[in-house]
Amino acid sequence: MSFALNIDPGSVLDLLVSERYGPPRLLPEQVEPYLNELARRLGWQAKSVPPIGYQSFWARHWQDRYGSALGVSLHRESVTAVVLPGDQEPLLDERSYQASGVLLAALSADGQLILPEADWLAAPFTAFTAAERERILASPSGTGWEAYSLRYWKPTSRGSALFNGWD
């Protein structure tokens, strides 16, 4: 199953992630089957939560074979972040991005997903260079959604700009 996400087709944010971490390794429709196979292989339980409204991401709750929570993964196509349960709300501006742990290790083991560092995601939105911010706010796509949303919602971090539920 592939989820329809509210992502600007000309997203400069996605381009900046690709420039830093390399191009996506999985097509959007390959991400969930990949995660299903990973959960099966590890004997874990995982439940995807489809996006609602204008979410730019979908979430997946992970439990070990005994039912203990391992965390939540946020997915914007193949860009993935691991957060604590409760940090997956679409309008949440501050999240606790995980820098280590068994879930992060499993998701990053074979390099199929792009997992930006927790520090990079949590860095203030202003941590983008002036040139990067100018590129983002110029929003070259035909819709202008990205530039408008960033100006209106004023995300506090890079991660909140990537993983959001703005309209």
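Placed above this text is the structure.
For every chain, the first residue of the written sequence is number 1, and numbering continues from 1 onward in sequence order. Reporting in this predicted model follows two pLDDT cut-offs: at least 70 for local features of residues, and 80 or more for side-chain atom pairs to be given and counted; totals over whole chains, interfaces and linings ignore these cut-offs and use all residues. Side-chain calculation: all heavy atoms of the structure are included, whereas hydrogens and water are not.

**What about the sheet that holds strand β3 (residues 69-76)?**
Strand order in the open sheet formed by 4 strands is β1-β2-β3-β4, with antiparallel pairing between adjacent strands. Edge strands, defined here as strands with exactly one partner in the open sheet, are β1 (45-49) and β4 (79-83). Going from strand to strand, the sheet's axes swing by 25° on average, the running direction of each strand aside. When DSSP locates at least two bridges between a pair of strands, those strands are taken to pair. Here a strand is any run of E in DSSP of at least two residues, a helix any run of H or I of at least four, and the numbering for each starts at the N terminus. Orientation is described by axes fitted as lines to C-alpha atoms, over the contacting stretch for helices, and by angles from 0 to 180 degrees between their N-to-C directions.

**Brief notes about a nonpolar patch on the surface**
Here a patch means residues that are over 30% exposed by relative accessible area and free of salt bridges, tied together within 9 Å if like-charged and within 5 Å if nonpolar (Val, Leu, Ile, Met, Phe, Trp, Tyr). Where accessible areas are quoted, they stem from the Shrake-Rupley method and a 1.4 Å probe; at the residue level, only the protein chains shown are allowed to cover. For this analysis, a salt bridge means a side-chain nitrogen from Lys or Arg found within 4 Å of a carboxyl oxygen belonging to Asp or Glu. A contiguous nonpolar patch, built from Leu91, Tyr148, Tyr152 and Trp153 and spanning about 470 Å² of accessible area, is present on the exposed surface. If you trace the backbone, Leu91 turns up in the loop between β4 and α3 (102-108).

**Focus: empty space enclosed by the protein**
One simple way to see leftover space: roll a probe sized like a water molecule over the atoms. A cavity here means a set of 1 Å grid points, computed over protein atoms only, where a 1.4 Å probe fits but cannot escape. A pocket is an open set with protein on both sides within 12 Å along at least 5 of 7 lines, and lining residues have an atom within 4 Å of a point. Grid points are joined across faces, edges and corners, and a volume is the space filled by probe spheres set on the points. Within the structure shown, the criterion is met by 1 cavity of 30 Å³ or more. If you add up the space inside the largest cavity, you get close to 40 Å³. Lining the largest cavity, in full, are Thr80, Ala81, Val82, Tyr97, Gln98, Leu104, Leu115, Pro116, Ala118 and Leu121. For the lining of the largest cavity, the secondary-structure elements that each account for two or more residues are β4 and α4 (118-122). Among the elements that take part in the lining of the largest cavity, β4 stands out by supplying 3 residues, more than any other. Here the nonpolar group is Ala, Val, Leu, Ile, Met, Phe, Trp, Tyr, Cys and Pro; Asp, Glu, Lys and Arg are the charged ones; every other residue, Gly included, is treated as polar. Here the lining of the largest cavity is composed, by residue class, of 8 nonpolar, 2 polar and no charged.

**A closer look at helix α2 (residues 28-42)**
To estimate the expected span of a helix, subtract one from its residue number and multiply by 1.5 Å. With 15 residues, α2 should reach 21 Å at 1.5 Å per residue; the first-to-last C-alpha distance of 22 Å fits that figure. Considered for burial, the residues of α2 that qualify are Val31, Glu32, Tyr34, Leu35, Leu38 and Ala39. What you see down the axis of α2 is that its buried residues fit within an arc of 160°, all on one side. Those residues of α2 that are buried lie in contact with β1, β2 (58-63), β3 and α3. The first or second residue beyond α2 is Gly43, which carries a positive phi of 75°. For each residue, the accessible area found with a 1.4 Å probe, counting protein chains only, is set against the maximum for its type, and the residue is called buried under 20%, exposed over 50%, and partly exposed in between. Arc definition: directions from the helix axis to the C-beta atoms. Throughout, a residue-residue contact means that at least one pair of heavy atoms, one from each residue, lies within 4.5 Å.

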